[in-house]
Amino acid sequence: MAEQATIERVKAAFADRFGGAPDLIAQAPGRVNLIGEHTDYNDGFVLPLAIDRGTVVAARRAGSETVVYAADFDEEDRFTFAERIDDAGPGDWRNYVRGIIAMLVEQEMAPQGMELVIGGDVPQGAGLSSSASLEVAVGLAVASLAGAQIDLTLLAQLAQRAENEFAGCACGIMDQLVSARAEPEQALLIDCRSLECRPVPLPEHAAVLIVHSGVERGLVDSAYNERRQQCEQAAGHFGILALRDADEGQVESAEELDELARMRARHVVTENARTLDAAEALAGGDMARLGRLMADSHASMRDDFEITVPAIDELVAILQREIGGEGGARMTGGGFGGCVIALLPQERVDPVIDAVRRDYRPPNGKPVMIHVCRPAAGAALITSLP
Ligand code: GAF
């Protein structure tokens, strides 16, 4: 969830830009993933949680034109539904907004004209899903403005399509679904085939640390889409719908599978198994087992899926060394930079933070960004239609 200061900033920007008060305000959180990486688009399992940072959207019905003001960039977008809503070109924030609005127009869940002000506090380019939180927050605001009580799973599916079709990233459903459906103090075990979500409580004495590596990442620019293609190719080789349906023996013994495809498939198949184990370990408060699973997950991302970078490997090694046996650390998110997540006993937080500040030098030369977070709630209206 966004901070109160962000909500106040968006309200003030709305009054400034459009005058008066919005009809409603919605927000949706960013996320961090405990384990289950690049498994979502393989119909597999993921275990993310929502963070206490998000996107806030203040919205009001108006005339026949839609005007969107992004307070963080001081930039605007304008369009009408009379013409087809197109994407805005690569790397433009407007894609996420236009995308989800276009999806809602299709569902007849958007009023003709609107005034929207958007602001957020999810760090961008950090792999904490600022884009999913933007899509979901705008989607909830717009559907609610149309008087629709949108189902949160449908909202996540439309937001994912917005990202696929407007932003050009072939992402899975994890980020949008956890942003829409997260519950406070819980991680969410998501079956990305059935979209069933099972909340798994975090042990009371456990803390979640998010440490930014200082390596910026961009999903679309990265080799993300290429990894997805390689997974689909491997599934095609086995004649199955998705790698969710493969097992380890099959992957290791397939004679004609090329080595790269075998490595990618091995990561997905073993990561699915680790994610289910991790949900069980988390529910049982078994931090030592979780730590081992997180370490194996990181090694698999580094060696088989090849999505880590040296700075991230170094940061993970420092965290693992300092945390010791109770808890663990791994890269989180799509890869090629971004953040590392650590799960550890609360009393270890301060010494571990001190050690990271002492021993890790982010490649961007900036002070290392560390955030201690508790799992937050999913998307919600802060104020609704009168
Ligand atoms: C990104 C994508 F958006 C998700 O769908 C997921 O694939 C993740 O990378 C990797 O687990 O966040």
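Keep in mind the model is a prediction, meaning the values are calculated, not measured. (Residues numbered from 1 in each chain as written. Predicted model: local features only at pLDDT ≥ 70, side-chain atom pairs only at ≥ 80, totals over all residues.)

### Considering the site of the ligand
Stage number 1. Looking at the ligand, there are 11 residues lining it, with E37, C171, G172, M174 and G334 nearest.
Stage number 2. Its residues assigned to classes, the shell around the ligand shows four nonpolar, four polar and three charged.
Stage number 3. When we break the shell around the ligand down by domain, the ones giving at least three residues each are domain 1 (4-197 + 376-383) and domain 2 (202-373). (Near = placed C-beta within 6 Å. Nonpolar A, V, L, I, M, F, W, Y, C, P; charged D, E, K, R; others polar. Domains from an automatic or database assignment.)

### Regarding the nonpolar core
Stage number 1. By size, the foremost hydrophobic cluster in this structure holds 110 residues, and its most contacted members are V57, A137, V138, A141 and V340.
Stage number 2. Broken down by element, the residue count for this core peaks at 10 residues, all from helix α3 (residues 130-145).
Stage number 3. When residues of this core are sorted by domain, at least three fall in each of domain 1 (4-197 + 376-383) and domain 2 (202-373).
Stage number 4. Setting aside residues up to four positions removed in sequence, A141 forms contacts with L24, A26, V57, A59 and L116.
Stage number 5. Ranked by size, the runner-up nonpolar core spans 10 residues in total, among them C231, A265, V268 and V269. (Core = buried A, V, L, I, M, F, W, Y, C linked by C-beta atoms within 7 Å. Buried ≥ 20, exposed ≤ 12 C-beta atoms within 10 Å, placed from the backbone. Helix = DSSP H or I, 4+ residues; strand = E, 2+ residues; numbered from the N terminus. Contact = placed C-beta atoms within 7 Å.)

### Describing the domain arrangement of the protein chain
Stage number 1. When its domains are assigned, the protein chain resolves into domain 1 (4-197 + 376-383) and domain 2 (202-373).
Stage number 2. For domain 1 and domain 2, the distance between their C-alpha centroids amounts to 26 Å.
Stage number 3. Contact residues are listed per partner, giving 33 residues for domain 1 and 40 residues for domain 2.
Stage number 4. Of all the secondary-structure elements, those providing two or more residues to the side of domain 1 that touches domain 2 are β1 (24-33), β2 (45-46), β3 (48-61) and β7 (186-191).
Stage number 5. Top element by residues in the side of domain 1 that touches domain 2 is β7. It accounts for three residues.

### Examining the sheet that holds strand β4 (residues 65-70)
Stage number 1. Pairing is mixed across the open sheet formed by six strands, whose spatial order is β5-β4-β6-β3-β1-β13. Two strands in the sheet have a free side with no partner beyond their single neighbour: β5 (75-80) and β13 (380-383). Between one strand axis and the next, the sheet turns through 25° on average, direction left out of account.
Stage number 2. Of the strand pairs in this sheet, β1 and β3 are connected by nine bridges, and their pairing is antiparallel. Opposite A26, over in β3, you have V57 as the bridge partner.
Stage number 3. Contacts between α3 and the sheet are confined to β1, β3, β6 (114-120) and β13, with β1 contributing the most and set at about 155° to the helix. (Pairing = 2+ DSSP bridges. Axes fitted to C-alpha atoms, helices over the stretch in contact; angles between N-to-C directions.)

### Examining the UniProt feature "domain: GHMP kinase N-terminal" (unreviewed entry) in the protein chain
Stage number 1. Summarizing the sequence annotation, UniProt attributes the feature "domain: GHMP kinase N-terminal" (unreviewed entry) to residues 95-180 in the numbering used throughout.
Stage number 2. For residues 95-180, the end-to-end C-alpha separation is 19 Å, with 57% helix and 8% strand making up the annotated structure. (UniProt positions renumbered as here; feature names shortened; annotations may be inferred.)

### Some details on the sheet that holds strand β9 (residues 206-212)
Stage number 1. Ordered by their spatial adjacency, four strands build an open sheet running β10-β11-β9-β12, and the pairing between neighbours is antiparallel. Single-partner strands in this sheet number two, and they are β10 (328-331) and β12 (370-373). Neighbour-to-neighbour, the strand axes of this sheet turn through a mean angle of 20°, independent of strand direction.
Stage number 2. By the bridge criterion, seven bridges tie β9 to strand β11 (residues 339-345) in an arrangement that is antiparallel. Residue pairing in the sheet places V208 in a bridge with L343 of β11.

### Focus on the packing of helix α6 (residues 224-238) against helix α8 (residues 259-283)
Stage number 1. Between α6 and α8, the shortest axis-to-axis distance is 9 Å and the interhelical angle comes to 95°. It follows that α6 is roughly perpendicular to α8 by the angle criterion. Contacts from R227, Q230, C231, Q233, A234 and H237 in α6 reach L260, A261, R264, A265 and V268 in α8.
Stage number 2. Across the contact of α6 with α8, the residue classes break down as six nonpolar, three polar and two charged. (Parallel < 35°, antiparallel > 145°, perpendicular 65-115°, else oblique.)

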